[in-house]
Amino acid sequence: MIRPQSQIEYPPSDAAMAKASMMARMEALKSSGDELMAIIAQRIGAECGENQTEVEALTVEQERLIANMKKLVAA
């Protein structure tokens, strides 16, 4: 989004910095959530196909994504 020059603060206020930080974290959480849902879908498909090796690999990736999301929320 391009803002008109009259709306640009320099240096940015604490509120503007907090808002930008929050928006970046929310976007990162959304992206991570989308990745997690894709991994869960793949894992369900692997479970139906009884591919245990793939299920284990996807479970590890799922746990990594969940840990990453928890770090994002705590930040």
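Here we summarise the structure given alongside this text. Throughout, a residue's number is its position along its own chain's written sequence, starting from 1. Only residues with pLDDT of at least 70 are given local features in this predicted model, and only at 80 or more are side-chain atom pairs given and counted; all residues enter the totals for whole chains, interfaces and linings. Here the side-chain values reflect all heavy atoms present in the structure, with hydrogen atoms and water set aside.

Details of the packing of helix α1 (residues 14–48) against helix α2 (residues 52–74)
Following both chains from N to C, one finds α1 and α2 inclined at 165 degrees, their axes separated by 9 Å at the closest point. In terms of their interaxial angle, α1 and α2 are classed as roughly antiparallel. You can see that α1 and α2 cross each other, and the crossing is left-handed. Within the contact of α1 with α2, the residues separate by chemical class into 13 nonpolar, six polar and six charged. All axes here are fitted lines through C-alpha atoms, helices being fitted over the stretch that makes contact, and every angle between N-to-C directions spans 0 to 180 degrees. Helical segments are the DSSP runs of H or I of at least four residues, strand segments are the runs of E of at least two, and each set is numbered from the N terminus. Angle categories: roughly parallel below 35 degrees, roughly antiparallel above 145, roughly perpendicular from 65 to 115, and oblique for all the rest. Two helices cross in a left-handed way if the nearer one is turned anticlockwise from the farther one by less than a right angle. They cross in a right-handed way if the turn is clockwise. As a working rule, the residues Ala, Val, Leu, Ile, Met, Phe, Trp, Tyr, Cys and Pro are called nonpolar, Asp, Glu, Lys and Arg charged, and the rest polar, with Gly in that last group.

Some thoughts on the nonpolar core
Leu36, Ile39, Ala46, Val55, Leu58 and Leu65 form the largest nonpolar core, which has six residues in total. Contributions of two or more residues to this core are made by α1 and α2. Excluding residues within four positions of it along the chain, Val55 makes contact with Arg43, Ala46 and Glu47. Only buried residues count toward a nonpolar core. Its members are Ala, Val, Leu, Ile, Met, Phe, Trp, Tyr and Cys residues joined through side-chain atoms within 4.5 Å. Buried, partly exposed and exposed residues are distinguished by accessible area as a fraction of the type maximum, computed with a 1.4 Å probe on protein chains only: under 20%, between the cut-offs, and over 50%, respectively. Here, two residues are considered to be in contact whenever any of their heavy atoms come within 4.5 Å of each other.

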